[in-house]
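# Survey of secondary and tertiary structure
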Amino acid sequence: WQQRIARAMGTFPGFVSAVVVEPQMHSDVGDELLFTVRFRFDNNANLHSWMFSSTREALLLELEPLLTTPDVVTATLTRKLPDALSDLFVPAGSATKPRPPAKWKVVVLVTCALYTVVWPVAKAIAPWLTQKGI
């Protein structure tokens, strides 16, 4: 069944990859194993066409008698960022631009932000620490 659904998924436009995560004991369902399949499509429209296809529905109906609990579907849209600090230039909820911000812009922004936060705190705490003998 797993090979058949993987082949079927691979025929759909925009299919990128499918990974079966090693089964784990799931505390919510007792001693039963929880299987997770992560698959990726290049955009939401292609994902939507797979999720609501008659092919997928038929394959899931085959699997249904083997399930002890109903399957759960979760979809997420991930954002790819070249580094951790580039997120400062991308508003939450929006897609990243094809070209990330220049590294020098990220360095200048982070340096200015850290300087304006750390310097006043260090100036205010230094006398107190000296007084306490620390």
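Look a little higher up for the structure.
Residues numbered from 1 in each chain as written. Predicted model: local features only at pLDDT ≥ 70, side-chain atom pairs only at ≥ 80, totals over all residues. Heavy atoms only, no water.

## Observations concerning the packing of aromatic side chains
Tallied over the entire structure, the rule returns four aromatic pairs. Arranged with centres 5.0 Å apart and planes meeting at 80 degrees, the rings of phenylalanine 12 and tryptophan 50 form a pair that is edge-to-face. With phenylalanine 12 in the loop between α1 (2–10) and β1 (15–25) and tryptophan 50 in helix α2 (residues 44–51), the pair connects residues that are 38 residues apart, well separated along the chain. Between phenylalanine 15 and phenylalanine 41, the aromatic rings sit 5.7 Å apart at their centres with planes inclined by 70 degrees, giving edge-to-face as the arrangement. Here phenylalanine 15, found in strand β1, pairs with phenylalanine 41, found in strand β2 (residues 33–41); they are 26 residues apart in sequence, far enough to count as distant. Among the residues examined, phenylalanine 15 registers a relative accessible area of 27% and is labelled partly exposed. Residue phenylalanine 41 is classed as buried on the basis of its relative accessible area, which comes to 12%. These aromatic residues form a ring-pair network of at least three members: Phe15, Phe39 and Phe41. (Phe/Tyr/Trp six-rings, centres within 6.5 Å; stacked < 30°, edge-to-face > 60°. Helix = DSSP H or I, 4+ residues; strand = E, 2+ residues; numbered from the N terminus. Buried < 20%, exposed > 50% of the residue type's maximum accessible area, 1.4 Å probe, protein only.)

## A look at the packing of α1 against helix α3 (residues 54–63)
Where α1 contacts α3, the axes come no closer than 10 Å and their chain directions differ by 170 degrees. Comparing their axes, α3 and α1 come out roughly antiparallel. Note on element contacts: α3 touches α1 through Thr55, Leu59 and Glu62, opposite Arg4, Ile5 and Ala8. Classifying every residue of the contact of α1 with α3 by side-chain character gives three nonpolar, one polar and two charged. (Axes fitted to C-alpha atoms, helices over the stretch in contact; angles between N-to-C directions. Parallel < 35°, antiparallel > 145°, perpendicular 65-115°, else oblique. Contact = heavy atoms within 4.5 Å. Nonpolar A, V, L, I, M, F, W, Y, C, P; charged D, E, K, R; others polar.)

## Looking at the side chain of serine 53
For serine 53, the position within the fold is in the loop between α2 and α3. With relative accessibility at 10%, the residue serine 53 sits in the buried group. A polar contact of 3.1 Å, which involves the side chain of serine 53, links it to the backbone nitrogen of arginine 56. (Polar contact = N/O pair within 3.5 Å; in protein donor to acceptor, adjacent residues only side chain to side chain.)

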